[in-house]
Amino acid sequence: MSRPGQGVMMPVNGLGFPPQNVARVVVWEWLNEHSRWRPYTATVCHHIENVLKEDARGSVVLGQVDTQLVPYIIDLQSMHQFRQDTGTMRPVRRNFYDPSSAPGKGIVWEWENDGGAWTAYDMDICITIQNAYEKQHPWLDLSSLGFCYLIYFNSMSQMNRQTRRRRRLRRRLDLAYPLTVGSIPKSQSWPVGASSGQPCSCQQCLLVNSTRAASNAILASQRRKAPPAAPPPPPPPGGPPGALAVRPSATFAGAALWAAPAAGPAEPAQPPGASPRSPSAPGGGGGGGGGGAPTPGQNNLNRPGPQRATGVSARASIPPGVPALPVKNLNGTGPVHPALAGMTGILLCAAGLPVCLTRAPKPILHPPPVSKSDVKPVPGVPGVCRKTKKKHLKKSKNPEDVVRRYMQKVKNPPDEDCTICMERLVTASGYEGVLRHKGVRPELVGRLGRCGHMYHLLCLVAMYSNGNKDGSLQCPTCKAIYGEKTGTQPPGKMQFHLIPHSLPGFADTQTIRIVYDIPTGIQGPEHPNPGKKFTARGFPRHCYLPNNEKGRKVLRLLITAWERRLIFTIGTSNTTGESDTVVWNEIHHKTEFGSNLTGHGYPDASYLDNVLAELTAQGVSEAAAKA
């Protein structure tokens, strides 16, 4: 089955903005930690557009239209979403689609997660599914978009191609996304240039970004017009007309195979020293010659055995511009048959796409076995274990008392906006009539003691009431933390010790191993669904740090973060889609010991500095501990 066309997004000019005087559907999206753009609902997008018309550099309070988004504010000038109770910032963008596409019709495609809730697909996937549905295709393969799923419209289900697990999906009619016509200011598109900030500079996020970019490059190359194919070779004796001769081959015994483009018209002669248009061999050589080099128009899969062996030994690197496609179990020892890898190469060659079929390397997650006698305490860090229990949970404090503790009353406030409710400070709070609190008049204004930013007192009370209510307060403008910030991490155990092995990039030092263990349990009042059971997948989780001065400093601060319940939280997994489960909470860890294939390992020269910055953003630092 042919994949539905991708021409649903409106074309843009060189600056990355849509053309003027063309109607298009506006979809606002936010970037999650896996570098996937997740769409807001149509209702939220209409609200953002209404605020945008009034003030293109203002802020959007999402809780005004969706109670589940109460802590979130979008700053239109910086194009970032800010969560007031945790200080988390994420990029947002204003994307444009054809009015006849799924968002223009108000059509939403969703899949059912493990908790029985429905999760919307990314917008590009939703549009692709809707296109196939309208063309009455019986099924749709999402592998071209980077996902190993098959969509079956007859049964309205989604199947994982690897695990064969099925989930239900549904097509729902909702409010159509807003329609707009005209030019777009530069500040409404992210990123707009080299000056735009990146969502994260750590190796985990950079790896995901590069993987996504590679997928986009493959899709772009597939959309290019393929060169005309040469006439097929004559069929074998006795075979049906149009059949291709296929002979047994030991091609897949090598470590890497090159799938050259299908045979086509001969290219014009290249000038001396010039690179061929499409490299088909290491070094960019595309012509024939001795030493087993592939000849023009000859597919590498059909080369004689000695030539293939010589070619494999010469392939030490992949030519630039040729995407690498990892294929597991090329030696036939696993559930994927080698013929499947061969057919993948043949089909890609027929599409004119050069690709390298390689064995997918396996990450080294754990060190070699270590005896108990070799496990030592970490120097300068007392103890080897920390536990958190329910009795450690802090009781809720009166919101008014907490806010007044950190604020000074302002008698004559300036004529400026309160960045929480977006009303002027000289007028009443926007929460007047929505939130009533004894002793807090809606016109009262206060100044935070350390940073000096001013807000309505009632607005800060509302912000605090929607957070963790742990006695701390975080400035929505500069994210300065007042008091000791704590999280919603469930009870568990943290262990740490030295092991006699070195991490890549730290050959002269031993390794600090951290083991987190959190059991399943029942959610408390500070969690999303109090009284409901939560799951804890993948525990115990092993993490690694180098045993040097900075690594021990990170360990001490991680222990503090653990005791403040900031390492984990309960939410929805962006990897599996499972809700009510234990997930990481904005502090990156290295869970890969001997490699860095997933981006969660070493070497990573900037990791220790990055995680120190993340801990500081959560109010965990040596300076804060001494204050």
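Just so it is clear, the structure is predicted and the values come from calculations on it, not from any experiment.

Asks: Explain the nonpolar core to me, please; I cannot follow it from the model alone.
Replies: The nonpolar side chains of a soluble globular protein tend to be buried with one another. Grouped together as the largest cluster of nonpolar side chains are 40 residues, with contacts concentrated most on Trp28, Tyr40, Ile48, Leu62 and Tyr121. Secondary structure elements with two or more residues in this core: β1 (24-31), α1 (42-54), β4 (72-75), β6 (89-97), β7 (107-112) and α3 (123-134). Contacts of Ile48, omitting those with residues within four sequence positions, involve Trp28, Tyr40, Val60, Leu62, Ile74 and Leu76. Counting 38 residues, the second largest nonpolar core, distinct from the first, contains Ile499, Ile512, Leu566 and Phe593.

Asks: For this particular structure, what's the right way to read the packing of helix α9 (residues 549-563) against helix α10 (residues 607-617)?
Replies: The description of two helices packed together rests on the angle between their axes and the distance between the axes. Taken N-terminus to C-terminus, the directions of α9 and α10 make an angle of 30°; their axes are 10 Å apart at the nearest point. Overall, the two elements α9 and α10 adopt an arrangement that is roughly parallel. In the packing of α9 onto α10, the handedness of the crossing is left-handed. Listed contacts from α10 to Lys550, Gly551, Lys553, Val554, Leu557, Leu558 and Ala561 of α9 are Leu608, Asp609, Val611, Leu612 and Leu615.

Asks: Sorry, what's going on with the pairing of β4 here?
Replies: Sheet faces and side chains relate simply in a regular strand, where the side chains alternate between the two faces. Bridge count for strand β3 (residues 59-61) against β4 is three bridges, and the pairing is antiparallel. Bridge pairing in β4 links Val60 to Ile74. Here β4 runs beside strand β5 (residues 80-83); their pairing, made up of four bridges, is antiparallel. Residue pairing for β5: Ile73 is matched across the bridge by Phe82. The turn joining β4 and β5, which pair antiparallel and follow one another in sequence, is formed by four residues; a positive phi near 55° is taken by Met79.

Asks: Which parts of the structure should I look at to understand the packing of helix α7 (residues 399-406) against helix α8 (residues 457-465)?
Replies: The contact between α7 and α8 brings their axes to 9 Å, and the two run at 120°. In this view, α7 runs oblique relative to α8, as classed from their interaxial angle. Helix-helix and strand crossings are classified by hand; for α7 and α8 the assignment is right-handed. The segment α7 lies against α8, with Pro399, Glu400, Val402, Val403 and Arg404 engaging Leu457, Leu460, Val461, Tyr464 and Ser465. Each residue belonging to the contact of α7 with α8 can be placed in one class, and the counts come to seven nonpolar, one polar and two charged.

Asks: Sorry, what's going on with the packing of aromatic side chains here?
Replies: The geometry of an aromatic ring pair comes down to the distance between the two centres and the angle between the two planes. For the structure on display, the rule yields 12 aromatic pairs. Pairing Tyr516 with Phe568 gives two aromatic rings, centres 5.3 Å apart and planes at 85°, and the pair type is edge-to-face. Residue Tyr516 is located in strand β24 (residues 511-517), and its partner Phe568 is located in strand β28 (residues 568-571); the two are separated by 52 residues in the primary sequence. Looking at Phe568, the relative accessible area reads 0%, which means it is buried. Three or more aromatic residues link up through ring pairs in this structure, and these residues are Tyr516, Phe539, Trp562, Phe568 and Trp584. One residue, Arg450, lies across the ring of Tyr482, its end atom 4.4 Å from the ring centre.

Calculation notes
Residues numbered from 1 in each chain as written. Predicted model: local features only at pLDDT ≥ 70, side-chain atom pairs only at ≥ 80, totals over all residues. Heavy atoms only, no water. Core = buried A, V, L, I, M, F, W, Y, C linked by side-chain atoms within 4.5 Å. Buried < 20%, exposed > 50% of the residue type's maximum accessible area, 1.4 Å probe, protein only. Helix = DSSP H or I, 4+ residues; strand = E, 2+ residues; numbered from the N terminus. Contact = heavy atoms within 4.5 Å. Axes fitted to C-alpha atoms, helices over the stretch in contact; angles between N-to-C directions. Parallel < 35°, antiparallel > 145°, perpendicular 65-115°, else oblique. Left-handed = near helix turned anticlockwise from the far one by under 90°. Pairing = 2+ DSSP bridges. Nonpolar A, V, L, I, M, F, W, Y, C, P; charged D, E, K, R; others polar. Phe/Tyr/Trp six-rings, centres within 6.5 Å; stacked < 30°, edge-to-face > 60°. Lys NZ or Arg CZ within 6 Å of the ring centre and 35° of its normal.

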